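The primary structure of each chain is shown beneath.
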Amino acid sequence: MKPMKTALATLPALFLGTAAFADFTVPAGSVLQLLYLDLKHGQHDAYFNDYARPLDPVVAEHGGVWHAVFDVIGVHEGNLKPDYVSMIAWPSTEAFRTFLSDPRVQENAAIRDGAVREMKFALHDVPAPIEIDTTTKGKVYEFFGGNMASPDSPKMLGTFFQNVIPTALTYGRETLAELPPSNFDKDTFEHQVSGIAGWPTAAEFNQFVTTEVFQANIKELRDPAINDLFLINTMVSDR
């Protein structure tokens, strides 16, 4: 499905239904890779220690910066059920393409394939800097996405956002990123609308999604407007 960039530009970034990394900023103009990982039982250390970490210098050689891994603490919408979300920034899609073709990426592919149950990745343009706080205890990062269900979807979602944003803000929700797809020419986990939000803790998110204003508006406006919805809550991992 082709992205509706004009629709994306009209929408606010609200879409509801001690770490190894330092605080960081993903710079505007870069390309953000989000890797959604569902790992087999007992294979988490094998994936990170024997496959992913040895690739750190290869990622760096191609201009990539592996910023963080997030532990999934709740899948609130959709069928995607990863254990982790990994975040790598690249200077361009071409840099990422060159990384994929590096023979060192395939050297330990058997370890990766033995550890992974399901793996999906998305590439996003970064129109504005993304600031991530990795050190505040309990902070929750929400990753979300979906596709427009009809030509009326942008208008319906605009009304939905207008109705629920004031309440979301009272629970401490932060807009961190609107992430249009990069239109990479491989099979990516692409959605027309994607983004990242922050919550002080999981408790604030859980309280917000039970409010009358949210429940009423998802039934009337959001759900009819969106297909392929996913919404995942995470916390920064020590991986």
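Below or above, wherever it landed, is the structure these notes cover. Quick caveat: nothing in here was measured; it's all calculated off a predicted structure.

## Some words on helix α4 (residues 93-101)
Move 1: Every buried residue of α4 is listed here: Ala95, Phe96 and Phe99. All buried residues of α4 fall inside an arc of 100° around its axis, so they share one side.
Move 2: Buried residues belonging to α4 abut β2 (31-39), α3 (56-61), β4 (84-90), α5 (103-107) and β5 (116-125).

## Considering the layout of surface pockets
Move 1: As a volume, the largest pocket reaches approximately 400 Å³.
Move 2: Lining the largest pocket are 21 residues, and of these Gln33, Leu35, Tyr47, Tyr51 and Phe99 sit closest to its centre.
Move 3: Every element with two or more residues in the lining of the largest pocket is listed here: β2, α2 (44-52), α3, β4, α4, α5 and β5.
Move 4: Grouping the constituent residues of the lining of the largest pocket by class yields 16 nonpolar, 3 polar and 2 charged.

## Observations regarding the sheet that holds strand β3 (residues 65-77)
Move 1: Reading across the sheet, the 8 strands line up as β5-β2-β4-β3-β10-β7-β9-β8 and stay open at both edges, with antiparallel pairing between neighbours. One side of each edge strand has no neighbouring strand; the edge strands of this open sheet are β5 and β8 (174-178). For this sheet the average axis-to-axis angle between neighbouring strands, irrespective of direction, equals 30°.
Move 2: The pairing of strand β7 (residues 140-148) with strand β10 (residues 226-236) spans 7 bridges and is antiparallel. Note that in β10 the partner of Tyr141 across the bridge is Thr234.
Move 3: Each of β2, β3, β4 and β5 touches α2; the most contacted strand, β2, lies at about 140° to it.

## Description of the pattern of salt bridges
Two side chains with opposite charge may pair up if their charged atoms get near one another.
Move 1: Counted under the stated rule, the structure contains 11 salt bridges.
Move 2: A salt bridge links Asp56 to Arg53, with the nearest nitrogen and oxygen atoms 3.9 Å apart.
Move 3: Owing to a relative accessible area of 26%, Arg53 belongs among the partly exposed residues under this scheme.
Move 4: Arg104 is the partner of Asp102 in a salt bridge, and the nearest nitrogen-oxygen pair spans 2.8 Å.
Move 5: Residue class for Asp102 comes out buried when judged on its relative accessible area of 9%.
Move 6: Using a relative accessible area of 30% as the deciding quantity, one classes Arg104 as partly exposed.
Move 7: Taken together, the salt bridges that share partners define one network made up of Glu61, Asp102 and Arg104.

Definitions and limits used
- Residues numbered from 1 in each chain as written.
- Predicted model: local features only at pLDDT ≥ 70, side-chain atom pairs only at ≥ 80, totals over all residues.
- Heavy atoms only, no water.
- Buried < 20%, exposed > 50% of the residue type's maximum accessible area, 1.4 Å probe, protein only.
- Helix = DSSP H or I, 4+ residues; strand = E, 2+ residues; numbered from the N terminus.
- Arc of directions from axis to C-beta.
- Contact = heavy atoms within 4.5 Å.
- 1 Å grid on protein atoms, 1.4 Å probe; cavity = no way out; pocket = protein on both sides within 12 Å on 5 of 7 lines; lining within 4 Å.
- Points joined across faces, edges and corners; volume = space filled by probe spheres on them.
- Nonpolar A, V, L, I, M, F, W, Y, C, P; charged D, E, K, R; others polar.
- Pairing = 2+ DSSP bridges.
- Axes fitted to C-alpha atoms, helices over the stretch in contact; angles between N-to-C directions.
- Salt bridge = Lys/Arg side-chain N within 4 Å of Asp/Glu carboxyl O.

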